[in-house]
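Structure assessment
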Amino acid sequence: MSDSDSDLDLPPTAVAIGAPSPAAETSSAREGDPPEVPEAAGLSEPAHKPVPVTLITGYLGSGKSTLVNHILTAKHGYRIAVILNEFGQEVGIERAMLQDQEGKASSLEEWVELANGCLCCSVKDDFVQALEALMQKRNKFDYILVETTGLADPGPVASALWTDEEVESGVLLDAVVTVVDARNLPRQLAEERSNGAVNEAQRQIAYADVLLLNKVDLVAGEAALAGLEHTIRHINTEEHGGSAAGSSSHIRSNAHDSSVTSVSLRSSCPLDLERFKRWLDVLLWEPGDQRIYRMKGVLFRHDKEGKDRDQLQRRQDELSALLSAVLTGSTLLMLFLLRKLGGVLAERESLKVSQQALLKQVQGLHIEYNRLTKEHDGSAARPAVDAEVAKLKASLEAQKKEKQQIEAKLEEAQAIRKTAVANAEALKSQSKGLENEYDRLLADYDKLKSRLAQVDPASGSVARPGIKKDE
Ligand SMILES: Nc1nc2c(ncn2[C@@H]2O[C@H](COP(=O)(O)OP(=O)(O)OP(=O)(O)O)[C@@H](O)[C@H]2O)c(=O)[nH]1
């Protein structure tokens, strides 16, 4: 590793090994520095100068995409086009991961994904076509980064850049950067291929102009790292002995390792994360005859925020349902009570009328009684008059009783009315209380949402001091 590389704006757990290339210089631009115009891109010259192409290679899961994402989000001022080659048939996963970094300035100008095969063989023509298509927009970017699959042989990919006339005139191989997985390197180098051919990990190291020893955080001890560095240098100088940029390969080329394949799974339902983890444990610890090199994907799951949001949403829904049930119930009850009240009031009015009529009748009877008493006092008709008066008195008594009954009914009606009004008041204040609780929950939900928004999903830490994620 050259000393000048120590300033590289690289991920903290990566070590650059080998001669610095323009690509390495690209990533060494520090924040705030004005962007240097890449010589090969010739931005100071007319646009016929070739665009530099950097091939980023490395075994499955070594950290190529991490490096590409780092370059795209670092502040260097270059505009970059990316050609990404996926081994599997799924496209869009890496792009989705990039999109996760919203908020960071991205140098990405163009993004092309070539899936279901390797640039070095089955999709070589697609690669050339993609480059030709990109060259139609050459003024939009200063650099092209090509991320190969983990099984790609960089040799044929590099040679594709100078075997197509149109491509050759527009681009220039800047460097082959090989990302090496420090933890898994010994195993990867030891893997045997048929006929004793050099395996992919070895070929990728051999072709590198720049070697990036990645995942050094997963290797314990300086001595182990020094040993890995020695091994890599040895393979690179022994097998390679020169730059891949512009040189022809003397490494025995090999057909792809046909025992490696990819499987992709899609689901439109949210994942139960715990069950998913258990499934992964079984898959990784008891793989049977299969070895799993690499997994990547975008999970559709209910996270904590989602759970909280769901719970809150459910509580809100329940509360609104309860509130509307109570309001509907109270309205119906009010209507019922009002109707009953209306009936009682109408009955009271009719009772009043009949009471007045009775009073008039009693008064009329009284006048009639006085007249008859005066007229027939001492006469022979007196017994008949007395009988008549007794009848009238009985009728009066009956009417008095009726009046008492009506008054009792009236009292009862008034009591019902009083209860109805009290019930209506109680329901009113109950629904007011529910409304307040509903408002309070909405405010809690907003607060929780804004706090969760401050949680850094990568580290789980909270951006603002004093607020814990679990709050
Ligand atoms: N511990 C540790 N993990 C890392 C480092 N660099 C990358 N990773 C992780 O390693 C995994 C693989 O990284 P990628 O960048 O996707 O690897 P890749 O080479 O693009 O993988 P393929 O495209 O499948 O070949 C991811 O989970 C990364 O977060 C590192 O320096 N240290």
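Summary of the structure given here. Bear in mind that the values here come from a model prediction, so they are computed numbers and not experimental data.

Section: the pattern of salt bridges
According to the stated counting rule, one finds seven salt bridges in the structure shown. Between Asp 142 and Arg 79 there is a salt bridge whose closest N-O contact spans 2.9 Å. Residue Asp 142 is located in the loop between helix H4 (124–135) and strand S5 (143–147), and its partner Arg 79 is located in the loop between helix H2 (64–73) and strand S3 (80–85); the two are separated by 63 residues in the primary sequence. A salt bridge links Asp 153 to Arg 203; the nearest nitrogen and oxygen atoms lie 3.1 Å apart. Taken together, the residues Asp 153 in the loop between S5 and helix H5 (154–163) and Arg 203 in helix H8 (residues 200–207) connect sequence positions 50 residues apart. For Asp 153, a relative accessible area of 3% translates into the label buried. Residue Arg 203 is classed as buried on the basis of its relative accessible area, which comes to 1%.

Describing empty space enclosed by the protein
Going through the model one piece at a time under the given rule, you end up with three cavities of 30 Å³ or more. In this structure, the second largest cavity encloses a volume near 40 Å³. Taken together, the elements giving at least two residues each to the lining of the second largest cavity come down to strand S6 (171–181), helix H7 (185–190) and H8. The element contributing the most residues to the lining of the second largest cavity is S6, with four residues. Each residue belonging to the lining of the second largest cavity can be placed in one class, and the counts come to six nonpolar, four polar and one charged.

Thoughts on the nonpolar core
Counting 23 residues, the largest nonpolar core has Ile 83, Phe 127, Leu 131, Ile 144, Leu 161 and Val 171 as its most contacted members. Mapped onto this core, the elements with two or more residues apiece are strand S2 (51–58), S3, H4, S5, H5 and S6. If you tally residues by element for this core, the top one is H4, at six residues. In this structure, Ile 83 is in contact with Val 112, Leu 114, Phe 127, Ala 130, Leu 131, Leu 134, Ile 144, Leu 145, Val 146 and Glu 147, ignoring residues within four places of it in sequence.

Things to note about unusual backbone geometry
Of note in this structure, Lys 215 is not a glycine but carries a positive phi near 60°. Relative to the assigned elements, Lys 215 resides in the loop between strand S7 (210–214) and helix H9 (222–240). Of the residues examined, Lys 215 reaches a relative accessible area of 24% and is grouped as partly exposed.

As for the packing of aromatic side chains
Scanning the entire structure with this criterion turns up two aromatic pairs. An angle of 70° between the planes, with centres 5.8 Å apart, marks the rings of Tyr 78 and Tyr 143 as edge-to-face. Highlighted residues: Tyr 78 in the loop between H2 and S3 and Tyr 143 in strand S5, separated in sequence by 65 residues. An identical accessibility class is assigned to Tyr 78 and Tyr 143; each is buried. With 5.8 Å between their ring centres and 35° between their planes, Phe 276 and Trp 279 make a pair best called tilted. Taken together, the positions of Phe 276 and Trp 279, both in helix H10 (residues 273–285) and three residues apart, correspond to about one turn of that helix. By relative accessible area, Trp 279 is classed as partly exposed at 39%.

Basis of the calculations
Residues numbered from 1 in each chain as written. Predicted model: local features only at pLDDT ≥ 70, side-chain atom pairs only at ≥ 80, totals over all residues. Heavy atoms only, no water. Salt bridge = Lys/Arg side-chain N within 4 Å of Asp/Glu carboxyl O. Helix = DSSP H or I, 4+ residues; strand = E, 2+ residues; numbered from the N terminus. Buried < 20%, exposed > 50% of the residue type's maximum accessible area, 1.4 Å probe, protein only. 1 Å grid on protein atoms, 1.4 Å probe; cavity = no way out; pocket = protein on both sides within 12 Å on 5 of 7 lines; lining within 4 Å. Points joined across faces, edges and corners; volume = space filled by probe spheres on them. Nonpolar A, V, L, I, M, F, W, Y, C, P; charged D, E, K, R; others polar. Core = buried A, V, L, I, M, F, W, Y, C linked by side-chain atoms within 4.5 Å. Contact = heavy atoms within 4.5 Å. Phe/Tyr/Trp six-rings, centres within 6.5 Å; stacked < 30°, edge-to-face > 60°.

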